[in-house]
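Summary of the model geometry
Next come the chains, spelled out residue by residue.
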Amino acid sequence: MRSGGGLTLAALLGAAGWLEPDRAFAQAAWNKAAFDTHDLRDTTKALGGGDAVQSKDIEFFQTPEIAENGAVVPVGVTSKLPKTEAIAILVEKNPNMLAAVFDIPAGTEPTITTRIKMAQTSNVYALVKADGRFYVAAKEIKVTLGGCGG
Amino acid sequence: MAIGEPMKIRAALSGDTTEIKVLMNHEMETGQRKDAKGETIPAWFIQNVLVTWSGKTVLSAQWGTAIAKNPFLSFKFKGGTKGDKIVIRWVDSRGDTRSDEAVIA
Amino acid sequence: MNRFAWLAAFAGLACAPLASAQSTTDEIAKYRAALQDGNPAELWEARGEALWKEKRGPKQVSLEACDLGKGPGVVKGAYAELPRYFADADRVMDLETRLVWCMVRLQGYSDADAKKNPFGNGADKRSDLEALTAYVTSESRGVKMSVALVHPKEVEAYRIGEKLFYFRGGTHDFACATCHGENDKRIRLQDLPNLMTTEGAQKAYTTWPAYRVSQGELRTFEWRLYDCFRQQRFPELVYGSDAAIALTTYLAHNANGGVYDGPAIKR
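Computed from a prediction, not measured in an experiment: that's the story for all the values here. (Residues numbered from 1 in each chain as written. Chains lettered and ligands numbered in written order. Predicted model: local features only at pLDDT ≥ 70, side-chain atom pairs only at ≥ 80, totals over all residues.)

On the chain C side, the residues contacting the twelve residues of chain A number twelve residues. Looking at the side of chain A that touches chain C, its residues break down into seven nonpolar, three polar and two charged. (Contact = placed C-beta atoms within 7 Å. Nonpolar A, V, L, I, M, F, W, Y, C, P; charged D, E, K, R; others polar.)

Shown next, in the form of C-alpha cells:
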C-alpha cells in the first residue's frame, strides 16, 4: 500500500468517479505529512489550505468537557457551512495534531461522531473544508488521565 | 490479507435518512506505549476507511493514531432503502485490510 | 483523622483545581453518557457467542449443553441468578468458574488450559473467558438480579463474602468497606460506590462486566475483585477461588432487585 504526501493518481481518479470506489481505495493515499504536524496552520497547509477562519457554523455536540480517561474521548462535529466537503479533528497537545479527516460526499450529512485519544487537557479543533476554503472551531476538553500510552 | 475480527455495523433508515454506526475491532496502537520489557510497541492503526452504499461512496476517511482503540464512527446520509447493502472497509498501517457488510434495516 | 481520610486528603491535594464539584460531576456524567452509544463490549459479545457455539477442545464439542443453572444450554437470564450452588460440582460457582467447569467437562480441556488466560491483553492475547462472559451476561440484560440463598453452601458463601468485605488487612489496613462503605467518597476524580446501600450495590454489580476504557479491554467481575485486591495491596486473589466466589455471592445477592444492565462501558 502506498503512503505519501498528497493524492495518488488513482485516488484522484477515484475521487472523480472514474475508478470503482474499491479499487481507488485499495491504493488510497494516506497523507503522511498531515499526520505529522504540530500546529493548526501546518495541518491546514498539509490538507491543502491556507489559514482557517474561525466559524460559528461549526459545532461540537455530545462532546463532554471533561474526559475521565483520555484514551477514549467522544467527539461529535457538525458543520452548517454550505458545501462542506471535509471535516477534520485535531488535538492541539497530542504528539501529532491531526486525529482524522473525513471526506463528505454530496448526500452525506456534514456530521461526524467518533472517539479520539487525548494525551492531556487540550484544545480540540474541528477543521472544516467548505467550498474550497477552510474554517475552524475550538473546544477545550479537560482530561483527567492521559490516553496516548505509557 | 483480511485479518482480525468482524466489525459491528448498524444501518438504520429513518424517514429519508440512513444512519450508520460502526464499531471496529482494532488495537489502534499509537507507537507511544512500551511493553513490560521497556520496548516500544510499534504503531499499528487503521489509516483509511471507506463506506459504500450500494456501491456508492458515502464516506471516506484518513485516520491517525489518535482515533481510539476499537474505533466507533457514526454518520448519516440521505437516501437508502431497507435491504440496501452497506460495505465498510478499512486498511491499516501494516497493509492489512478488513471488509464487512450489513443491510439497511 | 482515620488513615483513609488522610490518604484521600493527600490525593485531593494532587487534583487539578476545578470550578465547582457539582459541575465536574455533571460533566463526567455527560462523558459517561456519551460513551454509552457504541460500546466496544459488543465486539466481545459477538466473539463470545461464536465461541459458545463452536466445537472446541479435545472433545470437539460446543458449550451449548453447558448448564449455567437454568438447565443445559439456557443462557437467557442465567447471569442474574449467579452465583449459585451446582450439585454436579457440589459447590457454589460464579459464571466464570462455571464456564471453566463446562470447558473441562464438556470440551475436555484441562483445568489449567481452560483458565490459562483469564484477562486478555490486546489482539495477540485475547481471552476466551472474557468473551464468553460478555456473551452470557449480555443475555441477562434487562433481567432483575435474583441470587438465591437457599442451599447451605450458598448461605455459607454469602456469610464468608460478608466477612471478607469487612476484613482489614494488607499493608494499608484496607478492607473493601474502607473505600466502599460510605457515601460521597472518591479517589482522585473517581467516585466510589457505597456498596452498603441497596442502590449502590445494585448500580455497581449490574454494570459488570464492562469495557474498561482505561484497559482497552472488556473486564469481568472476577477481574474487578482481583484488581481491588491489588489496589488494596492484598495478596493476589486467585481466579475462581472460594474467596472470589464468596465475595461475588455477597455482592451479587446484595444487588438483588436491581435490573442487570451489562456489559457496560466505564472509564
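Structure's up, so let's keep going.
Residues and elements named next belong to chain C. Of all residues in chain C, 93% attain a pLDDT of 70 or more, and the chain-wide mean is 92. Counting contacts from residues 8-18, a segment whose pLDDT is below 50, to residues more than four positions away or on other chains yields six contacts. The ipTM, which scores confidence in the relative placement of chains, is 0.95 for this predicted complex, and the corresponding pTM is 0.88. (pLDDT = per-residue confidence, 0-100.)

Accessible area lost upon the coming together of the parts is a frequently used measure of interface size. If you look at the interface, chain A gives 33 residues, while chain B gives 32 residues. Breaking the side of chain A that touches chain B down by element, the ones donating at least two residues are helix H2 (21-26), strand S6 (98-103) and strand S7 (111-116) of chain A. Split by residue class, the side of chain A that touches chain B holds 19 nonpolar, ten polar and four charged. As paired elements, S6(A) and strand S4 (residues 56-63) of chain B share four bridges and run antiparallel to each other. Bridge pairing links Ala100(A) to Trp63(B) in S4(B). (Helix = DSSP H or I, 4+ residues; strand = E, 2+ residues; numbered from the N terminus. Pairing = 2+ DSSP bridges.)

A few words on the packing of helix H10 (residues 221-231) of chain C against helix H11 (residues 242-254) of chain C. All names here are of chain C. Remark: H10 packs on H11, axes separated minimally by 10 Å, with the N-to-C direction vectors making an angle of 110°. Of the possible angle classes, the one that applies to H10 and H11 is roughly perpendicular. Of H11, the residues touching H10 (which contributes Phe221, Glu222 and Leu225) are Ala244, Leu247 and Thr248. A breakdown of the residues in the contact of H10 with H11 according to their chemical character gives four nonpolar, one polar and one charged. (Axes fitted to C-alpha atoms, helices over the stretch in contact; angles between N-to-C directions. Parallel < 35°, antiparallel > 145°, perpendicular 65-115°, else oblique.)

To continue, consider the sheet that holds strand S7 (residues 264-266) of chain C. The strands making up a sheet are joined through hydrogen bonds of the backbone, oriented either antiparallel or parallel. Residue and element names in this part refer to chain C. The three strands are arranged S6-S5-S7 in an open sheet whose pairing can be described as mixed. Looking along the sheet, the strands with just one partner apiece sit at the ends: strand S6 (217-219) and S7. Neighbour to neighbour, the strand axes of the sheet diverge by 35° on average, direction disregarded. Sheet topology places strand S5 (residues 210-212) next to S7; three bridges connect them, and they run parallel. Note that in S7 the partner of Ala210 across the bridge is Ala264.

Time to look at the sheet that holds strand S2 (residues 58-61) of chain A. Across the sheet, six strands lie side by side as S2(A)-S4(A)-S7(A)-S5(B)-S2(B)-S1(B); this open sheet has antiparallel pairing. Edge positions in the sheet fall to S2 of chain A together with strand S1 (8-14) of chain B, since each has one partner strand and no second. For this sheet, the mean inter-axis angle between neighbouring strands, taken without regard to orientation, is 15°.

Now for helix H6 (residues 128-138) of chain C. Most of H6(C) sits out of view: ten of its eleven residues are buried. Tucked inside the fold, the buried residues of H6(C) contact helix H3 (41-53), helix H4 (95-105) and S6 of chain C. (Buried ≥ 20, exposed ≤ 12 C-beta atoms within 10 Å, placed from the backbone.)

This part covers the domain arrangement of chain C. Residue and element names in this part refer to chain C. By domain assignment, chain C separates into domain 1 (41-138) and domain 2 (150-266). Once you take the C-alpha centre of each, domain 1 and domain 2 turn out to be 21 Å apart. Across the contact, 25 residues belong to domain 1 and 22 residues belong to domain 2. Sorting the residues of the side of domain 1 that touches domain 2 by element identifies H3, strand S1 (84-86), strand S2 (91-93), H4 and H6 as the ones contributing at least two each. It is H6 that provides the largest number of residues to the side of domain 1 that touches domain 2, a total of five residues. Within the side of domain 1 that touches domain 2, the residues separate by chemical class into 13 nonpolar, five polar and seven charged. (Domains from an automatic or database assignment.)

Moving on: the environment of Phe75(B). By the element assignment, Phe75(B) lies in strand S5 (residues 72-78). The class of Phe75(B) is buried, set by 23 C-beta atoms lying within 10 Å. The sequence separation of Phe75(B) and Val22(B) amounts to 53 residues, and the corresponding C-alpha distance is 9.3 Å. Non-local contacts of Phe75(B), meaning those with residues more than four positions away in its chain, are made with Thr108(A), Glu109(A), Thr111(A), Ile112(A), Ile20(B) and Leu59(B).

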